[in-house]
Every structure is written in C-alpha cells, then in structure tokens.
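Analysis of the macromolecular model
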Amino acid sequence: QIVQTGAEVLEEDRNVRRIGVDKNILCGFIGSTPEASSLQSKIAEFIEENPENLRQACVDFAYEWRSDKFLRRCEAHIVVADKDVSLLLTDMGHSVFEPSSEVIGIGGAGNYVYSVATDLIDSENDAEQIARKALEYCAENTEYVDKNVVLDKINF
C-alpha cells in the first residue's frame with residue numbers, strides 16, 4: 001500500500017524483503033518508502049557484518065540510525081525476524097524491542113492485526129493461517145489493510 005499526499009493509491013508494493021547472507025531474515029517496514037528502503041539497505045549491511053547475532057546487529061544499526069546526519073531524519077518502524085528472534089525498531093532508532101508476544105503489528109492497522117492474531121494464537125491454526133486470517137479480517141473491517149496479501153515465511 002502506498003500513500004501519497006491527500007490520496008491513497010493502492011499498488012503492488014512489498015514492504016518486506018529478505019536480507020542477510022543466506023536471505024533467512026525478514027525485514028519489514030512502515031514509513032516513507034524511500035526512507036525505509038534506505039534503512040533496510042543499511043540494516044542489511046549491519047546484519048551481514050554480524051550474521052551470528054541479530055540482536056547486536058540491530059542495536060548497532062539503531063545507534064547508527066540515531067547518530068547519522070541523514071538517517072536520523074528517517075522515520076519508520078522496522079520489524080526484523082529470523083527463526084530465533086523477532087525485533088521491533090522504532091522511529092529514528094530510539095528503541096529496539098524484543099516483544100514478549102509471538103505477534104508484532106506495525107502500521108495503521110498494526111494494533112488491529114495484532115489483536116486479531118493474538119486472539120487466534122491459541123487456536124489450532126499455524127502461523128501462516130493466523131497471519132492470513134488476521135489480515136483478511138482487518139481488510140474487511142478497517143480501511144487500513146489491502147485485500148491483496150503476500151505472505152513470506154522464514155525457513156526453519
């Protein structure tokens with residue numbers, strides 16, 4: 001979903017991409033596409049420098065995000081996840097969180113998707129089914145989620 005000044009234009013746009021040496025880390029963002037794309041490229045560099053420790057790579061990146069003259073003006077929320085850990089990096093690199101929940105939601109519908117997915121966690125659905133059902137529910141009941149859903153999975 002791409003938002004332009006004064007109007008919302010729905011287009012095929014991927015805010016999630018695979019990064020890391022083996023492309024086994026998912027990195028998703030919400031924010032201005034050019035800014036967030038720059039941040040994704042930069043975080044990929046930190047992860048490639050420290051592939052064994054995703055947490056440390058994200059903390060080091062957050063420090064760079066806060067202190068770099070260009071990057072510190074970039075506003076976004078970024079989710080970085082591998083098979084062991086999921087992290088949320090907030091606006092301008094001020095925080096790196098490892099949520100206690102198995103669900104992370106960001107963006108305009110982040111809280112809605114988070115709530116629905118959290119309710120489905122104890123069901124017999126697998127992670128893909130939970131994500132799809134939560135996004136479908138929110139697409140039908142809010143204006144924040146597009147009905148065109150693309151899911152990407154981390155290989156274990």
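Refer to the structure presented above.
Keep in mind it's a predicted model, so treat the numbers as computed, not measured.

What follows concerns the overall build of the protein. Across its full length, the protein carries four helices and seven strands. Secondary structure elements of the protein occur, N-terminal to C-terminal, as β-β-β-β-α-α-β-β-β-α-α. Relative to the compact-globule value of 15 Å for 156 residues, the protein shows a C-alpha radius of gyration of 16 Å, a close match. Taking the principal axes of its C-alpha atoms as reference, the protein extends roughly 40 × 40 × 25 Å. Residues counted as buried form 32% of the 156 residues belonging to the protein. Sequence-distant contacts, at least 24 apart, represent 46% of the contacts inside the protein between residues at least 6 apart. Summed over all atoms, the accessible surface of the protein reaches about 9700 Å², with 46% contributed by carbon and sulfur. Side chains of the protein carry 15 positive and 29 negative charges; the gap between the two charge centres is 5 Å.

Now for the environment of E52. Within the secondary structure, E52 is located in the loop between α1 (33–49) and α2 (54–67). Each C-alpha atom, one on E52 and one on D91, is 25 Å from the other, the two residues being 39 residues apart in sequence.

A few words now on the nonpolar core. In terms of nonpolar packing, the biggest core is built from 23 residues, with I43, W65, I78, V80 and L89 touching the most fellow members. When residues of this core are traced back to their parent elements, those giving at least two are β4 (25–31), α1, α2, β5 (76–81) and β6 (86–89). Take this core: its biggest share by element is six residues, from α1. Non-local contacts of I78, meaning those with residues more than four positions away in its chain, are made with C27, G28, F29, L39, F61, W65, L87, L88 and L89. If you look at the next biggest cluster of nonpolar residues, it comprises ten residues, including V103, A109, A117 and V145.

The rules behind each value
Residues numbered from 1 in each chain as written. Predicted model: local features only at pLDDT ≥ 70, side-chain atom pairs only at ≥ 80, totals over all residues. Heavy atoms only, no water. Helix = DSSP H or I, 4+ residues; strand = E, 2+ residues; numbered from the N terminus. Rg over C-alpha atoms; globule rule 2.2 N^0.38 Å. Buried < 20%, exposed > 50% of the residue type's maximum accessible area, 1.4 Å probe, protein only. Contact = heavy atoms within 4.5 Å. Areas by Shrake-Rupley, 256 points an atom, 1.4 Å probe, with all protein chains shown as cover. Lys, Arg positive; Asp, Glu negative; His and termini not counted. Charge placed at Lys NZ, Arg CZ, Asp CG, Glu CD. Core = buried A, V, L, I, M, F, W, Y, C linked by side-chain atoms within 4.5 Å.

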